[in-house]
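Working through the structure, step by step
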Amino acid sequence: MYRFWNISLMICFSVSVMFVGSEDTSELPPPKNLNFIWETPFRISLTWEKPEDLDSDCKVNYTVHVHKSQDCSFKEGTITKSFKVSHLGLKVSVSNENGLCISVSTYSETCGYSRPTNIILPPPQVRLVTDRSYEYSHSRMKCTWKPGDEVQDLSFYYWLPVSESIIKCIPDETIKTGGCVIHDEQLKDIMEIYYLFNGTRNGIPVNNTFEGERSAQCVKLNKPQLSIHRVGQDLHFETHGSDLDEFSNECYDYQYTYSKCNQNFNKIIKTKYIVQYDPACKYRASVKVLFSTDCGSGGSDPSDEVEYGEDSDPNLPALLAIILIPLIVSCGLVVSLVLLRRHKDIIFPKIPTPTIFFKDLLNNNNNNVINTEDQRSPTNVIMPLPIEDIAECRLSLLPDTPVELSTNNLLPEPK
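Below is a short write-up of the structure.

Reading guide: rules and limits
Residues numbered from 1 in each chain as written. Predicted model: local features only at pLDDT ≥ 70, side-chain atom pairs only at ≥ 80, totals over all residues. Heavy atoms only, no water. Core = buried A, V, L, I, M, F, W, Y, C linked by side-chain atoms within 4.5 Å. Buried < 20%, exposed > 50% of the residue type's maximum accessible area, 1.4 Å probe, protein only. Contact = heavy atoms within 4.5 Å. Helix = DSSP H or I, 4+ residues; strand = E, 2+ residues; numbered from the N terminus. Lys, Arg positive; Asp, Glu negative; His and termini not counted. Salt bridge = Lys/Arg side-chain N within 4 Å of Asp/Glu carboxyl O. Phe/Tyr/Trp six-rings, centres within 6.5 Å; stacked < 30°, edge-to-face > 60°. Pairing = 2+ DSSP bridges. Axes fitted to C-alpha atoms, helices over the stretch in contact; angles between N-to-C directions. 1 Å grid on protein atoms, 1.4 Å probe; cavity = no way out; pocket = protein on both sides within 12 Å on 5 of 7 lines; lining within 4 Å. Points joined across faces, edges and corners; volume = space filled by probe spheres on them. Disulfide = S-S within 2.5 Å.

**A short note on the nonpolar core**
A general trend in soluble globular proteins is that nonpolar side chains are found buried together. In terms of nonpolar packing, the biggest core is built from 47 residues, with Met141, Phe156, Ile182, Tyr195 and Phe237 touching the most fellow members. What Tyr195 contacts, discounting residues up to four positions off in sequence, is Phe42, Tyr134, Met141, Cys143, Phe156, Tyr157, Tyr158, Ile182, Asn208, Thr209, Phe210 and Gly212. One finds Val85, Ile102, Cys111 and Leu121 within the second-largest nonpolar core, a separate group that totals 20 residues.

**Here we look at the side chain of Asp184**
Take Asp184: it is sitting in the loop between β14 (179-183) and β15 (193-201). There is no salt bridge for the buried Asp184, and the closest opposite charge comes from Arg140, which lies 12 Å off by N-O distance. Excluding its chain neighbours within four sequence positions, the residues that come into contact with Asp184 are Ser139, Tyr158 and Leu160.

**Here's the deal with the packing of aromatic side chains**
Across all of its chains, the model carries 20 aromatic pairs by this definition. When the ring of Trp145 is compared with that of Phe156, the centres are 4.9 Å apart and the planes differ by 35°; the resulting orientation is tilted. You can see Trp145 sitting in strand β11 (residues 140-147) and its partner Phe156 sitting in strand β12 (residues 152-160), a full 11 residues away along the chain. Taken together, a centroid distance of 5.8 Å and an interplanar angle of 55° make the contact between Tyr258 and Tyr273 tilted. Taken together, the residues Tyr258 in strand β20 (residues 252-260) and Tyr273 in strand β22 (residues 273-276) connect sequence positions 15 residues apart.

**Points about the sheet that holds β22**
Sheet strands pair via backbone hydrogen bonds, and the direction of the pair is either parallel or antiparallel. Strand order in the open sheet formed by three strands is β18-β19-β22, with antiparallel pairing between adjacent strands. Edge positions in the open sheet fall to β18 (225-231) and β22, since each of these has one partner strand only. The mean inter-strand angle of the sheet, taken between neighbouring strand axes irrespective of direction, is 25°. Looking at chain direction, strand β19 (residues 234-240) and β22 are connected through four bridges and run antiparallel. Directly across from Phe237, in β22, lies its bridge partner Tyr273.

**Describing the pattern of salt bridges**
This structure, assessed with the given rule, holds 12 salt bridges. Between Glu192 and Lys81 there is a salt bridge whose closest N-O contact spans 2.8 Å. Taken together, the positions of Glu192 in the loop between β14 and β15 and Lys81 in strand β5 (residues 79-85) put the pair 111 residues apart, joining distant regions of the chain. Residue Lys81 is classed as buried on the basis of its relative accessible area of 14%.

**What about the layout of surface pockets?**
The space that makes up the largest pocket amounts to roughly 270 Å³. Every residue lining the largest pocket is counted, 17 residues in all, and those nearest its centre are Lys68, Thr80, Ser95, Glu97 and Glu211. Among the secondary structure elements, those contributing two or more residues to the lining of the largest pocket are β5 and β16 (204-212).

**With respect to the state of the cysteines**
Evaluated as defined, the whole model comprises five disulfides. Paired through a disulfide, Cys72 and Cys101 show a sulfur-sulfur distance of 1.8 Å. Residues Cys72 and Cys101 are joined by a disulfide whose S-S torsion is about 105°; by sign, that bridge is right-handed. In this pair, Cys72 sits in the loop between β4 (61-67) and β5 while Cys101 sits in strand β7 (residues 100-108), placing the two residues 29 residues apart along the sequence. In this structure, Cys72 and Cys101 share a single accessibility class: buried. Between the sulfur atoms of Cys261 and its disulfide partner Cys281 the distance amounts to 1.7 Å. Judged by the sign of its S-S torsion, about -105°, the bond between Cys261 and Cys281 is left-handed. With Cys261 in the loop between β20 and β21 (263-269) and Cys281 in the loop between β22 and β23 (283-291), the pair connects residues that are 20 residues apart, well separated along the chain. Given the relative accessible area of 30%, Cys261 is considered partly exposed. What connects to what in the protein chain, once the bonded cysteines are numbered by sequence position, is 1-4, 2-3, 5-6, 7-10, 8-9. With no disulfide partner, Cys143 has as its closest neighbouring cysteine sulfur the one in Cys180, 6.5 Å distant. The exposure class of Cys143 is buried, given its relative accessible area of 0%.

That is the geometry; function is a separate question.
Structure (C-alpha cells):
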C-alpha cells in the first residue's frame, strides 16, 4: 500500500517538472523596438530588432499578424493576414478602415516562441462615405457609395498592388448617390484591390482607405431569360444568358423557382432542369444565375416569370359528363317533340276517304242481313245497263257551197 503511494508521488513530481522545464525552454524574448511608417495610404512598413539573450545555436524567425481591428486577440475572423519572415522588417498592404493591431513575435522550431509585441493604430476620426458596394462584370468594377455629411471635394482612387500605381476614377454622373466604374483588364485576375477617398470636412483634409474584395467575390451577372418547352411527358427549363462566357461553366449554378398547381418548389443545379409534366397543372417559373462558391460569390437578378399550361380540376370530365349528358338528352327530346308536332302530317299521314266504288263494295260486303235466296232471285239481280255509244261527228265548211252535214257511224234507220 505505501509502496504504491510512493510510486504515484514520484510520477506526479516527474510530470510536473517536465512541464515546467518545457515552459521555460519554450519562452523566447520578443522582438525589440517595433516601429512602422506609412509609405503610401495603402502600405505600411514595419521594422524591429532582434531580441537579446538568445542562444547562439537558436535560429529564430518572426511571425507577423495583422488584425483588421484594434482587438489583438486571436478570434476567428479578426486576422486578415499572417506572415513568417526571417529578416527584421516587412511591408504590408493594409487599409485603416476600422483601426489596426499588428503583432510581431519571435519563433523557432527548436527553441519555442515568444510573446507578441503589438502596435495598435486607431481608425480615422471621420468617415467620408457609407454604404459602399461593388459589382464586377467583364473587366468592369462598378463602385457605389453614399457621401458622408458635410463632405466637400470628394475624390475616389483605386490601387492595384500588381501595378503599384494609384489611379483616379472619374465619377459616373448616371449614378444618383455616388459612384464610379473602373475599367481595367487586370481586374479579373487580381487578388487585392484598395480604395482611397479624399475629401474635406470642416476645412480639414481627410482620407479614408478601404480594402476591397477581389473581383470574383462580387460578380454581377445580367438578368437571364428562361424558356419552357415540352418534350414527350417532360418539361424542360432552359436558361439563356448574355454574359455567361467570362468564367468556366463550373462557376455557374442555376436556381429554378417554380410553382405547380399552387405548390412552390426551388432547385439549384448545374444544367437545365427537367420535370415530369402534369397536364392538369399550370406552371410558373423563374431562374436566377448564381456564381458558384467554388469560384467566388455573386449572381444575377431573377428572370421574368414564364407560364406554361393551365390549371384544371381532375374531376372536371366526370362532372361535365354528369351535367352535359342529361342536358343534351333533354334538349334532344324537346327538339324531337317540336319537330314531331310541326311535321306530324308528314310523319303520320291521314288515311284517304275511300271512293264511291269502294264504298259500294264495302256496303255490299257488309249487307249480310239479306237472304241468300233473295239475292239469287231474278227480281233482285241488278242488270247492267247498256253503255251508250257516242257517235263521232265531223263538220267541214267550204266556201260558196251549201253546208252539208255529214255523219259517220250513224245507226241505220230502221226499216
